[in-house]
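So you can see what is in the structure, the chains are spelled out below.
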Amino acid sequence: MLDADLPLLSVRNLQKSFGATRVLRGVNFTVRAGQIHALLGGNGAGKSTMIRIMTGGIRKDDGEIMLGSQRGAEPKIAIVHQELALVQDLSVAENIAMVHATAGLTIVRAGQRAELAYNALALLDPHLARSALHRKAADLSMHEGQIVEIARALSIGADVLLLDEPTANLTAGETERLFAVLRRLVRETGIGIVFVSHRMKEIRQLCDVCTIIRDGLTVVDATPLDSLTDNDIMQQMGQPGAREVAHSRRRFDMAEAGLVLKGAEAVIPIHKGQILGLAGSPAGPSQVIALLNGTGRSSSWSLDAKGWPARPASPRDAVALGIGYVSGDRRHKGVLAQLPIVDNVLASRRVREKRYMVRASERRECLDLVHALKLKAGSIRDLPSTLSGGNQQKLLIARWLGMSLRLVVFEEPTRGVDIGTKRDIYDLIRRMAEEGTIVVWWSTENVELLELCDEILAFDTDGRVKGLLPHDRFNEDALADLTGMAA
Ligand SMILES: Nc1ncnc2c1ncn2[C@@H]1O[C@H](COP(=O)(O)OP(=O)(O)OP(=O)(O)O)[C@@H](O)[C@H]1O
């Protein structure tokens, strides 16, 4: 058990530039034992850069990192990302034991391996420790996978645990359970937890103090959350305060039904300019999305629309039909990592308009889109990896902006996006709908669906349709109940 309030990790005046861009200009950050610490900041503020320096991924230009009172020691920090890093084909016990083998302590006997994994897991979830040691990582739920990763981190003696947006794929029940585990963990072991999130409600539920980074500087340093209002936090992050959104019931011309979505359990007409929300964990919404973006030839859903096939045969076919697609899974389903920003932005225009020659005028076209979205980039010749997460997300939206689309699919477009950028994305979604585009939008944040949609199709965690909510039946509790997901 660590002494409460002992500084486990402290960063002083950290500086880092990439070329001419000064990304960290003097960051201070102190994590204390027994504390859950929210690390906040808008997209591009410098959070990930600081974390990469602390964990040895990149070098600092200047500043100090101290572990406890020792200078220059390697802090034992473990990171659990939203995308889990378990080896899918190995068992839970093998996944946990693996890190010990690489730490020079080779464990040969299966019995020892199981014991080590059991001890690590039992601290967090005794039931999982008893039942899951021999299950393959691929068979775990998101929540179980996270618990296994946390157990693995603790078993090698990490005293600072950093969780990067850990709740994005969890149901309401799982989020609650994770928070309970984390609270118990800091109480019983005294480790420090750093929680990176853009979800204000969860930050308040879980965290004790917060540090806010803005433009590479610490502007709020380990301050109790109780002493800050939501507005204080937004202001310190440099984000516009929440606006009241007047959501008027929009009327649709029933004669103009844009298309009909047909599934085994429901038939849903969608009108031009309508925003249809898909609520629930991935199982259900992903089937509808796969149909629309041309990747789901075996999807249980089909389309009925004038001049359209029952299923777009491929992503290219979907684009040709006028269907746009923005995914929040930037790494796997969107960003063309090897190509510069300019090619990323213009990708769908080139496919749709069959442009085979790269035109000189495209530079201007790209710059206009970059400006319209306030996308923070050094040069459009840079690779997308030089952009912060939120700015990579804007890049994927820029791809479709100003193209005349009949339908656009948004798949969790606000994942990892700060509150100001979320508002910008909501405005874009609204504007696209006003221009007559049908919007189909999946989000695991029910509150944002309730704010913007005209109708919401709710799925349970097994992917079954639980209901189609019209606007006048929108209600946070009802939707949380239907989907099992946190509101
Ligand atoms: N290798 C690099 N080359 C050039 N610029 C970079 C590089 N890595 C990061 N940056 C820039 O540093 C700034 C800070 O990015 P960082 O990823 O640390 O922000 P963040 O606070 O984690 O944002 P987000 O919430 O969007 O993930 C961004 O403007 C980004 O474009």
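Residues numbered from 1 in each chain as written. Predicted model: local features only at pLDDT ≥ 70, side-chain atom pairs only at ≥ 80, totals over all residues. Heavy atoms only, no water.

1. Side note on the overall build of the protein chain
- For the protein chain, the helix and strand inventory stands at 17 helices and 19 strands.
- Taking 2.2 N^0.38 as the reference for a compact globule, 487 residues should give roughly 23 Å; the C-alpha atoms of the protein chain span a radius of gyration of 24 Å, in line with that estimate.
- The buried share of the protein chain, reckoned over its 487 residues, is 55%.
- In the protein chain, once contacts between residues fewer than 6 apart in sequence are set aside, the share between residues at least 24 apart is 68%. (Helix = DSSP H or I, 4+ residues; strand = E, 2+ residues; numbered from the N terminus. Rg over C-alpha atoms; globule rule 2.2 N^0.38 Å. Buried < 20%, exposed > 50% of the residue type's maximum accessible area, 1.4 Å probe, protein only. Contact = heavy atoms within 4.5 Å.)

2. Considerations on the site of the ligand
- Neighbouring the ligand are 16 residues; Asn43, Gly44, Ser48, Thr49 and Thr386 lie closest to it.
- In this structure, an oxygen atom belonging to the ligand sits 2.5 Å away from a side-chain N or O atom of serine 48.
- The backbone of glycine 390 places a nitrogen or oxygen atom 3.0 Å from an oxygen atom of the ligand.
- When the ligand sits alone it has 640 Å² of accessible area, and the protein chains cover 83% of it.
- Sorting the residues of the shell around the ligand by element identifies helix H1 (47-54) and helix H14 (389-398) as the ones contributing at least two each.
- Considering every element that reaches the shell around the ligand, the biggest residue donor is H1, with 3 residues.
- For the shell around the ligand, the class distribution of residues is 4 nonpolar, 11 polar and 1 charged. (Near = heavy atom within 4 Å. Polar contact = N/O pair within 3.5 Å; in protein donor to acceptor, adjacent residues only side chain to side chain. Areas by Shrake-Rupley, 256 points an atom, 1.4 Å probe, with all protein chains shown as cover. Nonpolar A, V, L, I, M, F, W, Y, C, P; charged D, E, K, R; others polar.)

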